Amino acid sequence: VATSNGSERVDEAVWAPEHVVAMAPDRAAVAAARALALPGRWSATGADDEAVWGVCRGSGAEPYQVAVELAEPAFRCSCPSRKLPCKHVLALLLLWVNGHVPALTRPGVVANWLAARAARAATAAARQTTVVEPTDAEDDVASRRTDRQPSTAGPPSPAPGPDKRALERAARVAAGLGELDRWVCDRVRTGLTDPALATYAPWDQVAARLVDAQAPALANRVRRLAGVVGTRAGWHEHVLAELGALHALAIAGCHLPALAECRPALADSVRTAVGWQLRQADVLAQPPITDHWHVVGRSDTLEDRIVVRRTWLRGRSTRRWALLLSFAAYGQSLGGEPEPGTIIHADVHAYPGAAPLRVLLGLIHAPATVDVDGPPSASLAGACDDVGVALAAEPWLERHPLTVRAWPTLVDGRWVLADHTGSMPITGNLDGVPLLVACTAGHSATISAEWMPDGVVPLTVHLVDGAVDIGPRGGWS
Amino acid sequence: VSASDAVLAAAVDADVDAFDVAVDVEADVDVDASVCAAVDAQPSLTLADHWAALASAALLGTDRRPAPTPPPGALADLVGASRPADDAESVLVQVAALAAARRAGLRPAPAAPRLASCPDDDRPLCPPAAGRRLDELIEAWPELVDEWLTRLAAAGFRLRPQHVVALAIRHRTDVARRALIDQAAGPLAPWLAGLFPTQFAGAARSRARPVAPSNAAPSSTAPPSTAAAVDEPFPLPPDLAPLVGAAPADVIGTLVDGLSRGRLANRHRPVLVHLVRRLDPAILAPLAEALSRAGTNPSTLGLTMSLADMARTRAAMITELTESATDEQNEQNEQNGTTDGPDAST
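Residues numbered from 1 in each chain as written. Chains lettered and ligands numbered in written order. Predicted model: local features only at pLDDT ≥ 70, side-chain atom pairs only at ≥ 80, totals over all residues. Heavy atoms only, no water.

Draft legend 1. The arrangement of the overall build of chain A in detail. Along the backbone of chain A there are 13 helices and 15 strands. Per-residue burial over chain A gives 53% buried out of 477 residues. Total accessible area on chain A stands at roughly 20000 Å², and carbon and sulfur atoms take up 55% of it. (Helix = DSSP H or I, 4+ residues; strand = E, 2+ residues; numbered from the N terminus. Buried < 20%, exposed > 50% of the residue type's maximum accessible area, 1.4 Å probe, protein only. Areas by Shrake-Rupley, 256 points an atom, 1.4 Å probe, with all protein chains shown as cover.)

Here it is, written out as structure tokens:
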């Protein structure tokens, strides 16, 4: 298809229509953008290496000024929509990837915007060692929400007297954990058959107290548990095991200074499990782990009205597992994370812990490209060993990734993954199973999944001609 | 040694002493050694039994049923060292340790045989660009999906598995369309329908119909008429009906003029969509170009742009499927050529 205006694509390798679609906050925005992504609707469009810009005739009297900074990416649009990115931004990008935007020198208004962004970034970098990440200016909302904790407790403030504040916070957390432990003990004292447990209210109250005590991760854990009560045979054993984990975390969390002395890595794991937030700058100060990272899968869950997306990575040479977490509130877009089935040459920086999984992306040496060879796979027994080692280091771990060469099959009406070493039940909502079975056609395939205490959740089927993402999608899609 | 003892032994191999530090930082218990000792000393008492005793105490509540005494060894030492205030805490300490050991000692369940596998389909997989187009059609122009399916099967390709699942579930009650999907899907469709009768409801009826002999060498059967989607009778107002067979310039002129003067408006949207769906493919690209530059009437701008998008999408979809079918044939010819080559030269 010939490009209009005789233009050339600016950055053909990186951007494709599906990337644009993946950035959209919801399907309605894509549909709206599609209708706007036509040259007749736009004027003064242009693009260079760093940005795309244009003016869109909308329904209103005033045309909208739209600009996109491509590296981050960051968006700017003069429309009143609260969606991020809005349909005009998406339409401009669609127009551009379809070759309808000419390569031009950027106009002053765009140049100023980019300069202001660069200046802010420089200031932020200069302050990074002392301050939490800066918030985005109002006119310039960056799309990248990757790894920003959405907790109601909020990040620790960079106010003066950090020692005093830290001590105050530690005391608050310890009080919350003490309260949690008393509640957990009472549950065992009065018994799990207590009818009050079958309602959400008592769990919610405990969770709310934990949020107040600045232990948001434990609060989410308690909320998840409320959803398990009475839902399936054997629920009480699951709940009991979790109460045991909560007890262990509460006690360990109350003795953090002592624990930090004899087992510093374990103390870090406990902090993370409780919900202490590390400053991104501190994580990025950890030594980088450079590798080609296979993007093996992603799974979304809805937690307390926030979509939590896990993107699992596997290092090609280090063989390390790594987890990128991202969050989105309603109507915001996830996206910006690398897609399953790609491989990305990058530094990652691990959050400290005994079995460190979670990382932040650091320097990207080469953008994500199609992962032709696919990730390395293990047998189910080998994967169990892998997960077992991580669980021995952090017994309260709830998920761990695995990539196996296995086939999906039925045992007594239940779907399992099986190979010559055994089988593991498939758990979660089983919506992805027909697709998993269709992709394998009954044969062995390389499958990435998340281990959970009651089974595995398939995330990706790595086929010869590409990966098929079958992981659970959260929330509002 | 029972299965759960083996589980524990595996956990001990994996260095499980992390959990006792977590349970009580002041406890200094060498779990590795003493758990092994416990297993050795009391082979009759399995950890599964003890777990069941703990679960039953927790279910009824320690107010009514006291905490079970841990078997001598690591668990007992752990309970002793953590000095639980009452039975409830004793149960929790034991539960935390045992649950951790059981999870860390994770082993696969017994192996399970493969499903009876799906019969082979020797047609090549739908090319990637056409597959992405189908995703776009499903989202934006479902009106074009039937034509896409017909053209795909005619070009000798099979659907990607993800599209088989998405389309079959979406149209599970639409028997006529299921026949179209099954034809493009090949033997995968009835195979899946047998495994997932609930999700693919309606498949049984579509299989009962004498259509789409999908697993009978689909690539060798004569392709269905590509005109099928276009030949159906369809209601157009008298003033638009002549456009179907009209010269390109007339079609484009009438539409652009009607839309910019507002004579054609949103109330005509369904018929106009049907018209674009039926137009001669050769008109589509120039029509899209003309429409996307013609939007000057604010009241019909959205409709105009939307029709331009549809025309552009349909033109692209036809090009992709036609070109990739030709590429595929060329590739096969080339392959034949290379295999013939050495013979010819020697």
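Draft legend 2. Quick look at the confidence of the model for chain A. All names here are of chain A. Here chain A averages 83 in pLDDT, while 86% of its residues score no lower than 70. Counting contacts from residues 1-13, a segment whose pLDDT is below 50, to residues more than four positions away or on other chains yields 18 contacts. Taken as a whole, residues 128-160 scores under 50 in pLDDT and shows 64 contacts with residues more than four places along the chain or in a different chain. (pLDDT = per-residue confidence, 0-100. Contact = heavy atoms within 4.5 Å.)

Draft legend 3. Here's a closer look at the interface of chain B and chain A. Facing 73 residues of chain B, the contacting portion of chain A comprises 76 residues. Around 6100 Å² of area is buried between chain B and chain A when both sides are counted, 65% of it from carbon and sulfur atoms. When residues of chain B are sorted by the area they lose upon contact with chain A, B:L59, B:L92 and B:R103 head the list and together hold 12% of the total. Inspection of the region where chain B meets chain A yields 4 salt bridges. Put simply, B:D86 and A:R189 hold a salt bridge, and the shortest N to O gap is 2.2 Å. (Buried area = accessible area lost by both parts, 1.4 Å probe. Salt bridge = Lys/Arg side-chain N within 4 Å of Asp/Glu carboxyl O.)

Draft legend 4. Quick look at the environment of B:A57. For B:A57, the position within the fold is in helix 4 (residues 47-60). Exposure remark for B:A57: the relative accessible area of 0% places this residue in the buried category. Between the C-alpha atoms of B:A57 and B:D87, which are 30 residues apart in sequence, the distance is 9.5 Å. Once residues lying within four places of it in the same chain are set aside, the contact partners of B:A57 are A:V188, B:T62, B:R65, B:P66, B:P68 and B:V91.

Draft legend 5. Examining the pattern of salt bridges more closely. Residues and elements named next belong to chain B. On inspection of all chains with the given rule, the structure shows 36 salt bridges over all chains. For R133, the salt bridge goes to E136, with nearest N and O atoms at 3.0 Å. Placement of the pair is R133 and E136 together in helix 7 (residues 128-140), with a separation of 3 residues, close to one helical turn. For the residue pair R133 and E136, the accessibility class agrees, reading buried in each case. Between E147 and R151 there is a salt bridge, with the nearest N and O atoms lying 2.8 Å from each other.

Draft legend 6. The pairing of strand 2 (residues 51-56) of chain A, seen in detail. All names here are of chain A. Buried residues dominate strand 2, accounting for 6 of its 6 residues. Because side chains alternate across strand 2, one face comprises the buried residues A51, W53 and V55, and the other comprises V52, G54 and C56, equally buried. For strand 1 (residues 42-47) and strand 2, the ladder comprises 4 bridges, and the chain directions are antiparallel. Residue pairing across strands places A47 opposite V52, the latter belonging to strand 2. Turn length for the strand 1-strand 2 hairpin, with the two strands adjacent in sequence and antiparallel, is 3 residues. Of the strand pairs in this sheet, strand 2 and strand 3 (residues 64-69) are connected by 6 bridges, and their pairing is antiparallel. Paired with G54 across the strands is V66, a residue of strand 3. (Pairing = 2+ DSSP bridges.)

Draft legend 7. Expanded view of the packing of helix 8 (residues 235-254) of chain A against helix 6 (residues 87-104) of chain B. In contact at an axis separation of 8 Å, helix 8 of chain A and helix 6 of chain B are set at 105° when each is read in the N-to-C sense. Judged by the angle between their axes, helix 8 of chain A and helix 6 of chain B are roughly perpendicular. Note on element contacts: helix 6 of chain B touches helix 8 of chain A through B:E89, B:L92, B:V93, B:V95, B:A96, B:A99 and B:R103, opposite A:L240, A:A241, A:E242, A:L243, A:G244, A:H247, A:A248 and A:I251. Grouping the amino acids of the contact of helix 8 of chain A with helix 6 of chain B by side-chain chemistry returns 10 nonpolar, 2 polar and 3 charged. (Axes fitted to C-alpha atoms, helices over the stretch in contact; angles between N-to-C directions. Parallel < 35°, antiparallel > 145°, perpendicular 65-115°, else oblique. Nonpolar A, V, L, I, M, F, W, Y, C, P; charged D, E, K, R; others polar.)

Draft legend 8. Here's a closer look at the environment of A:P102. All names here are of chain A. Here P102 is to be found in the loop between helix 3 (87-97) and helix 4 (108-127). Classification of P102 as buried rests on a relative accessible area of 15%. Once the C-alpha coordinates of P102 and A170 are considered, the two residues, 68 residues apart in sequence, prove to be 56 Å apart.

Draft legend 9. Just the sheet that holds strand 5 (residues 289-303) of chain A, in detail. Residue and element names in this part refer to chain A. In spatial order, the strands read 7-6-5-8-9; together these 5 strands make up an open sheet with antiparallel pairing. Each of the sheet's edge strands pairs with one partner strand only, and the pair in question is strand 7 (321-329) and strand 9 (359-370). Strand-to-strand, the axes of this sheet are offset by a mean angle of 35°, without reference to chain direction. By the bridge criterion, 9 bridges tie strand 6 (residues 306-315) to strand 7 in an arrangement that is antiparallel.

Draft legend 10. Fine view of the sheet that holds strand 13 (residues 445-452) of chain A. Residues and elements named next belong to chain A. Strand order in the open sheet formed by 6 strands is 12-11-10-13-14-15, and the pairing between neighbours is antiparallel. Either end of the sheet is taken by a strand with one partner, and the two such strands are strand 12 (422-425) and strand 15 (466-469). Along the sheet, successive strands turn relative to each other by an average axial angle of 45°, direction set aside. Packing against the sheet, helix 13 (residues 433-440) makes contact with strand 10 (400-411), strand 11 (414-419), strand 13, strand 14 (455-463) and strand 15, and its axis sits at approximately 40° to strand 14.

Draft legend 11. Up close: the side chain of B:T313. Within the secondary structure, B:T313 is located in helix 17 (residues 301-345). Residue B:T313 is classed as buried on the basis of its relative accessible area, which comes to 2%.

Draft legend 12. Structural context of the confidence of the model for chain B. Residues and elements named next belong to chain B. Looking at chain B, pLDDT values average 75 and 70% of them are 70 or higher. The weakest mean pLDDT in chain B belongs to helix 1 (residues 3-13) at 38; the strongest belongs to helix 8 (residues 145-154) at 94. Predicted confidence for residues 1-43 stays below pLDDT 50, and this span has 83 contacts to residues more than four positions away or in other chains. Reported confidence for the predicted complex is 0.73 by ipTM and 0.73 by pTM.

Draft legend 13. A look at the side chain of A:D419. Residues and elements named next belong to chain A. Along the polypeptide, D419 turns up in strand 11. Lacking a salt bridge, the buried D419 has R405 as its closest oppositely charged neighbour, with an N-O distance of 9.2 Å. Among the polar contacts made by the side chain of D419, one reaches the side chain of T421 at a distance of 2.7 Å. (Lys, Arg positive; Asp, Glu negative; His and termini not counted. Polar contact = N/O pair within 3.5 Å; in protein donor to acceptor, adjacent residues only side chain to side chain.)

Draft legend 14. Structural context of the state of the cysteines. The tally for this structure, following the rule as stated, stands at 0 disulfides over all chains. Looking at the unpaired A:C185, the closest cysteine sulfur is the one in A:C254, lying at 12 Å. Of the cysteine sulfurs around B:C118, a residue in no disulfide, the closest is that of A:C439, at 12 Å. (Disulfide = S-S within 2.5 Å.)

Draft legend 15. Spotlight on the packing of helix 6 (residues 201-212) of chain A against helix 7 (residues 216-226) of chain A. All names here are of chain A. Relative orientation of the contacting elements helix 6 and helix 7 amounts to 170°, with a least axis distance of 8 Å. Accordingly, the angle class assigned to the pair helix 6 and helix 7 is roughly antiparallel. Contacts from W203, D204, V206, A207, L210 and V211 in helix 6 reach P216, L218, A219, V222, R223, L225 and A226 in helix 7. Of the residues that constitute the contact of helix 6 with helix 7, the class distribution is 11 nonpolar, no polar and 2 charged.

Draft legend 16. Examining the packing of aromatic side chains more closely. The full count for this structure, using the stated rule, is 3 aromatic pairs over all chains. Aromatic pair A:W183 and A:W203: ring centres 5.1 Å apart, planes at 75°, arrangement edge-to-face. Taken together, the positions of A:W183 in helix 5 (residues 162-190) and A:W203 in helix 6 put the pair 20 residues apart, joining distant regions of the chain. Side by side, A:W183 and A:W203 carry an identical accessibility label, which is buried. Of the aromatic side chains, those joined through ring pairs into one cluster are A:W415, B:F196 and B:F200. For the cation-ring pair, A:R358 lies above A:Y351, with the distance from its terminal atom to the ring centre recorded as 4.2 Å. In this structure, B:R114 is placed above the aromatic ring of A:W407, and the distance from its NZ or CZ to the ring centre is 3.9 Å. (Phe/Tyr/Trp six-rings, centres within 6.5 Å; stacked < 30°, edge-to-face > 60°. Lys NZ or Arg CZ within 6 Å of the ring centre and 35° of its normal.)

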